[in-house]
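# Notes for the structure review
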Amino acid sequence: MDSNRLSVLDFLRTLVGQQLRYGIKSPDMDLYDFGFGEWMQYTGVNGEMHDVCTLTLHVACGFRVFWKDGGCLTFDANTSSEAFHFAVKRILGLRVKRVWLSDKNDLRLDFGECRVVFITREDGEESWRCFRMDGDGAHLVASNLLLDYER
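What counts and how
Residues numbered from 1 in each chain as written. Predicted model: local features only at pLDDT ≥ 70, side-chain atom pairs only at ≥ 80, totals over all residues. Heavy atoms only, no water. Buried < 20%, exposed > 50% of the residue type's maximum accessible area, 1.4 Å probe, protein only. Helix = DSSP H or I, 4+ residues; strand = E, 2+ residues; numbered from the N terminus. Arc of directions from axis to C-beta. Contact = heavy atoms within 4.5 Å. 1 Å grid on protein atoms, 1.4 Å probe; cavity = no way out; pocket = protein on both sides within 12 Å on 5 of 7 lines; lining within 4 Å. Points joined across faces, edges and corners; volume = space filled by probe spheres on them. Pairing = 2+ DSSP bridges. Axes fitted to C-alpha atoms, helices over the stretch in contact; angles between N-to-C directions. Phe/Tyr/Trp six-rings, centres within 6.5 Å; stacked < 30°, edge-to-face > 60°.

## Quick look at helix α2 (residues 81-88)
- Residues of α2 that are buried include every one of S81, F84, A87 and V88, and no others. Buried residues of α2, seen end-on, are gathered within an arc of 135 degrees and therefore sit on one face of the element. More than 90 degrees from the buried face of α2, the exposed residues found are E82 and F86.
- For α2, the secondary structure elements touched by its buried residues are β1 (20-25), β2 (32-43), β4 (63-67) and β5 (72-75).

This is the structure we're talking about:
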């Protein structure tokens, strides 16, 4: 395994033990936003204060939630914000138990009660990104062709 992939996996492992605090689907874009870790205040470009979490996952690809007791939910660009908001309530507050990547950079998060699989698009475009909001500077962008990790 190359050193970049090892660095990526080390960074993603910082999600382990972190609590999922929020999940939002943008009503006007095909973007999902997940917050993990502790709450903090962030000053936006317009000087406005925002409540965010220390670790953020932005998702521009489809994903599935596989429940331990059976059943699966699928989310994509056509999912309404309301439907996602209703469904995500079931996993809010759960902690990440394990994180791993497939060979094509699908991100998989195990919450114990369920597994969430972010299915990387196969067009070379960005599918998801994970970054720290606490000034650490770690930032990871993933497509099916690359993992761009900066620290």
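Don't stop here, the text continues.
## Observations concerning helix α1 (residues 3-12)
- When α1 is considered as a whole, its buried residues turn out to be R5, V8, L9, F11 and L12. Looking down the long axis of α1, one finds its buried residues gathered within 160 degrees of arc, a one-sided arrangement.

## Comments concerning empty space enclosed by the protein
- Summed over the entire model, instances satisfying the criterion amount to one cavity of 30 Å³ or more.
- The calculated volume of the largest cavity comes to roughly 60 Å³.

## Here we look at unusual backbone geometry
- Even without glycine at this site, N105 takes up a positive phi of about 75 degrees.
- One can find N105 in the loop between β6 (98-101) and β7 (107-110).
- With a relative accessible area of 3%, N105 lands in the buried category.

## Some details on the pairing of β1
- Of the pairings in the sheet, the one linking β1 to β2 comprises five bridges and is antiparallel in character. If you follow K25 over to β2, its bridge partner there is Y32.
- Connecting β1 to the antiparallel partner β2 that follows it, the hairpin turn spans six residues.

## So, the sheet that holds β2
- One open sheet holds the six strands; their spatial order is β1-β2-β3-β9-β10-β11, and the pairing between them is antiparallel. The sheet is open, and its two borders are formed by β1 and β11 (147-150), each paired with just one other strand. For this sheet, the mean inter-axis angle between neighbouring strands, taken without regard to orientation, is 30 degrees.
- Strand contacts of α1: β3 (49-59), β9 (128-132), β10 (139-142) and β11, with the helix running at about 70 degrees to β11, the strand carrying the most contacts.
- Sheet contacts for α2: β1 and β2; angle to β1, the most-contacted strand, approximately 165 degrees.

## Topic: the packing of aromatic side chains
- Taken as a whole, this structure holds eleven aromatic pairs when the rule is applied.
- With a centroid separation of 5.6 Å and 25 degrees between ring planes, the pair formed by Y22 and W39 is classed as stacked. Residue Y22 is located in strand β1, and its partner W39 is located in strand β2; the two are separated by 17 residues in the primary sequence.
- Taking relative accessible area as the criterion, Y22 reaches 13% and is therefore assigned buried.
- In this structure W39 comes out as partly exposed when scored by relative accessible area, which is 46%.
- Taken together, a centroid distance of 4.8 Å and an interplanar angle of 85 degrees make the contact between Y32 and F63 edge-to-face. Of this pair, Y32 sits in strand β2 while F63 sits in strand β4, and the two are 31 residues apart along the sequence. Summarising the burial analysis for this pair, Y32 and F63 share the class buried.

It is worth stressing that arrangement in space is one thing and function is another; only the former is reported here.
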